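A look at the structure
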Amino acid sequence: MTYSLNNLAYCSNVHPGEDVEAVIQNIQTHFVAVKQRRNLQDMASGLWLSYKAANALRAKPALFNRFKQVLKESGLRLTSLNGFPFGDFHQAVVKQNVYLPTWADRQRLEYTQSLAEILASCLPSDENKGAISTLPLAYAADWSDAQQQMAISQFIHLANFLAELEQQTNKQIVICIEMEPDCVLQHTEQLTGFFIQQLLPAAEQIGVTKETILRYIGCCYDTCHQAVMGENITESLQQITYSGIQIGKIQISNAIQANIDSIEQVQQLTELFADKKFLHQTKVFINNELVEELADLSFEQLEQARERKTNEDLHSITATIHYHIPVNQNAADLPLSFVSATQGAILQTLDFLQTHQQYRPFLEIETYTWLNFLQQEIDKNASLHAGFAAEFSWLEQALLQRNML
């Protein structure tokens, strides 16, 4: 199993733009510039289309035709979509709203079906499979058993819909559930348990086969999410694949980790990564054991956690923080000596793929926080495109070292 340069994508949720015109402008302004920096004639893209954009494309054939013409002219190979953020992902405050509507809501199903129809229509002629990432049911707070049952029912309905879509188009679209900290499915064992103990039995009870579910419902594996959870990446990937769950997409992402032993370090860390827009779930570990889970990164919460644990005669805690940083950054690139990156999780994921040649998920860099890093830049676009190019260069080198490119 090898990848070519034009197979590698970046996720366009980094760019603001909720409607179709904004998506088109992002393609022409950003995607084309990154493709040119990589000296490619065409390039895959993990495009983000909001509910508003997807609805417009489905409702207006002329607009959809124009959209497809832009893809062609721009050399954009549309092989996957990000179906996680439903609404405006770049409003002033996103936080928990990114998880709405949940998979218990009919709107989430309808949105995902629209994305599947769009992707099936836009897949390159030489590609018969596409992937769409989606949220892990919901943010876990206040999630009920009744909502869980509704989500299961909607996924079964979705699998049947995708089977019919493949019959009509000869294109297999896989909806890929993406585990995320503090969501209903945040641990690997929760994902596999959802499939094996709930989704598959419920489907079989109403005559939908295991094969149908596993052909159309899979996993999007985000490398930093499982690193933040403190999971063993190799064991996690083995558990998923050995359960028969296909990994349709891997989001190549990098998070931060801090070894903290003083209030001054808590202050420095939270000042550097303070963010009013996105949620940055924080996990606290002692000796690699998860001991506390904080809903967001804040000085007060983290310092209280540190005080609680250091009062037990422990000198330090380790915090992993769901904050996407460029994938090519490691400890040497970060401004605080006690902060490192979870880049090793990416390399372990690539090692797994190298030794499991039967799997070939789409690879997509997802650093949606780039604009946070470029606030002081005069020419943000040029800096953004250079940043993307550096990320691609790092990933390409990592693949080359494993004879995968």
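Residues numbered from 1 in each chain as written. Predicted model: local features only at pLDDT ≥ 70, side-chain atom pairs only at ≥ 80, totals over all residues. Heavy atoms only, no water.

**Section: the sheet that holds strand β5 (residues 172–178)**
Let me state the cut-off plainly: Strands were regarded as paired on the criterion that DSSP finds at least two bridges between them. Runs of H or I in DSSP of at least four residues are treated as helices and runs of E of at least two as strands, each being numbered from the N terminus. Contact definition: two residues touch when any of their heavy atoms are within 4.5 Å. Only the contacting stretch of a helix is used when fitting its axis, a line to C-alpha atoms as for every element, and angles between N-to-C directions run 0 to 180 degrees.
The strand order across the open sheet built from eight strands is β1-β13-β7-β6-β5-β4-β3-β2, with neighbouring strands paired in parallel fashion. Edge positions in the open sheet fall to β1 (9–10) and β2 (43–48), since each of these has one partner strand only. Against the sheet, helix α4 (residues 106–122) touches β2, β3 (76–82), β4 (129–134) and β5, its axis set at about 165° to β3. Packing of helix α14 (residues 380–401) onto the sheet brings it into contact with β1, β7 (247–252) and β13 (362–365), and relative to β13 it is tilted by some 140°.

**What about empty space enclosed by the protein?**
Quick reminder of the rule: Buriedness of a pocket was judged along seven lines, with at least five required to meet protein on both sides within 12 Å; pockets are open sets of points on a 1 Å grid over the protein atoms alone, cavities are sets where a 1.4 Å probe fits but cannot get out, and lining residues have an atom within 4 Å of a point. Grid points are joined across faces, edges and corners, and a volume is the space filled by probe spheres set on the points. Gly counts as polar in this scheme, as do all residues outside two lists: the nonpolar Ala, Val, Leu, Ile, Met, Phe, Trp, Tyr, Cys and Pro, and the charged Asp, Glu, Lys and Arg.
Counting across every chain of the model gives four cavities of 30 Å³ or more. Quantified by volume, the second largest cavity comes out at close to 80 Å³. What lines the second largest cavity is simply Tyr-10, Ser-12, His-15, Gly-17, Val-23, Asn-26, Ile-27, Phe-31, Ser-45, Leu-47 and Trp-48. Looking at the lining of the second largest cavity element by element, the count peaks at four residues for helix α1 (residues 20–37). Here the residues of the lining of the second largest cavity sort into six nonpolar, five polar and no charged.

**Structural notes on helix α9 (residues 233–242)**
Which entries qualify depends on this criterion: Each residue gets one of three labels from its accessible area relative to the maximum for its type: buried under 20%, exposed over 50%, partly exposed in between, using a 1.4 Å probe on protein chains only. Working definition: the arc comes from the directions between the helix axis and the C-beta atoms, pointing outward to the latter.
Residues of α9 that are buried: Ile-233, Ser-236, Leu-237, Ile-240 and Thr-241. For α9, the angular spread of buried residues about the axis comes to 120°, placing them on one side. Opposite the buried face of α9, by more than 90 degrees, sit the exposed residues Glu-235 and Tyr-242. Gly-244, located one to two residues past α9, shows a positive phi value of around 85°.

**Some words on the side chain of Thr-349**
Positionally, Thr-349 belongs in helix α12 (residues 343–355). For Thr-349, a relative accessible area of 1% translates into the label buried. Beyond its immediate stretch of four places on either side in the chain, Thr-349 contacts Tyr-221, Thr-223, Ile-233, Leu-237 and Ile-250.

**Here's the deal with the pairing of strand β9 (residues 282–286)**
Burial of β9 is extensive: five of the five residues sit out of reach of the surface. Side chains Thr-282, Val-284 and Ile-286 project from β9 onto one buried face, and the interleaved Lys-283 and Phe-285 project onto a second face that is buried too. Relative to strand β10 (residues 289–294), β9 runs antiparallel, the two sharing five bridges. Considered in β10, the bridge of Val-284 is made with Glu-292. Between β9 and β10, which pair antiparallel one after the other, the connecting turn spans two residues, and Asn-287 there sits at a positive phi close to 50°. The pairing of β9 with strand β11 (residues 317–325) spans four bridges and is classified as antiparallel. Considered in β11, the bridge of Val-284 is made with Ala-319.

Don't take any of this as a statement about function, it's just geometry.
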